[in-house]
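# Remarks on the overall topology
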Amino acid sequence: QVQLVESGGGLVQPGGSLRLSCAASGSIFSIKAMGWYRQAPGKQRELVAFITSGGSTNYQDSVKGRFTISRDNAKNTVYLQMNSLKPEDTAGYYCIQTIQGGGGGEYDYWGQGTQVTVSS
C-alpha cells in the first residue's frame, strides 16, 4: 500500500509565499510523474504543475513565473514553491504521484489535500 502525506498549506497575505510538500511512503519501486492540482469552491479541479521522472516541468499559465515544482527522488517527495500569491490562488491543493509498486503495477495516488488561503 502507498500513502501520500501533504503539508505546508495555510493562510498568507497577498504577495506572500508558501511551500507545499507531498511525501510518498509504502511499497514503492519507482515514481514516474508527480504533480499538483487545486480546487476552489464551486470550481473544477485543475492541474497546477507537474514534473516528469526526467525533471521536465509544465505549469498552468496563471502560475508561470510564480510557482516552482521540484522533486527529491531520494525522499519520494514533490514540492510546490508558491511565490507572489494572489487571492485567486486560494484553493485546496492536492498532490498526485504515478507510482510503480513492488508488484509491477503503475497507479496514480492522491494526497489528502491542504488548504491554501490568500487573504489580507
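Right above here is the structure, for reference.
Let me sum up the structure you'll find in this document. Counting restarts for each chain: residues are numbered from 1 in the order of the written sequence. Reporting in this predicted model follows two pLDDT cut-offs: at least 70 for local features of residues, and 80 or more for side-chain atom pairs to be given and counted; totals over whole chains, interfaces and linings ignore these cut-offs and use all residues. Excluding hydrogens and water, the side-chain values take into account all heavy atoms of the structure.

### Observations concerning the state of the cysteines
Joining two cysteines, a disulfide is a covalent bond between their sulfur atoms. Working definition: a disulfide is two cysteine sulfur atoms within 2.5 Å of each other. A full pass over the atoms with the stated rule returns one disulfide. Here C22 engages in a disulfide with C95; their sulfurs sit 1.9 Å apart. A torsion of 45° about the S-S bond marks the disulfide between C22 and C95 as right-handed. Of this pair, C22 sits in strand 3 (residues 18-26) while C95 sits in strand 9 (residues 91-100), and the two are 73 residues apart along the sequence. Working definition: with a 1.4 Å probe on protein chains only, accessible area under 20% of the residue-type maximum means buried, over 50% means exposed, and in between means partly exposed. A relative accessible area of 0% means that C22 is categorised as buried. Judged by relative accessible area, C95 falls into the buried class, the value being 0%. Numbering of helices and strands runs from the N terminus, with a helix taken as a DSSP run of H or I at least four residues long and a strand as a DSSP run of E at least two residues long.

### Observations concerning the nonpolar core
Nonpolar side chains tend to gather and get buried jointly when the protein is soluble and globular. W36, L80, M82 and Y93 are the most contacted members of the largest nonpolar core, which has 28 residues in total. Secondary-structure elements contributing two or more residues to this core are strand 1 (2-7), strand 3, strand 4 (30-39), strand 5 (46-51), strand 7 (67-72), strand 8 (77-82), strand 9 and strand 11 (114-118). It only takes one pair of heavy atoms within 4.5 Å for two residues to be counted as in contact. Residues within four places of Y93 in sequence aside, it is in contact with E6, L20, W36, Y37, R38, V48, F67, L80, M82, G113, T114 and V116. Grouping buried Ala, Val, Leu, Ile, Met, Phe, Trp, Tyr and Cys residues that are joined through side-chain atoms within 4.5 Å yields what is termed a nonpolar core.

### Some words on the pattern of salt bridges
The term salt bridge refers to a pairing of a side-chain nitrogen on Lys or Arg with a carboxyl oxygen on Asp or Glu at a separation within 4 Å. This structure, assessed with the given rule, holds four salt bridges. A salt bridge links R38 to D89; its shortest N-O distance comes to 3.0 Å. With R38 in strand 4 and D89 in the loop between strand 8 and strand 9, this pair connects stretches of sequence that are 51 residues apart. As far as burial versus exposure is concerned, R38 and D89 are alike and both buried. The partner of D61 in a salt bridge is K64, with the nearest N and O atoms 3.0 Å apart. Through salt bridges that share partners, R38, E46, R66 and D89 make up one connected network.

Keep in mind these values describe shape, not function.
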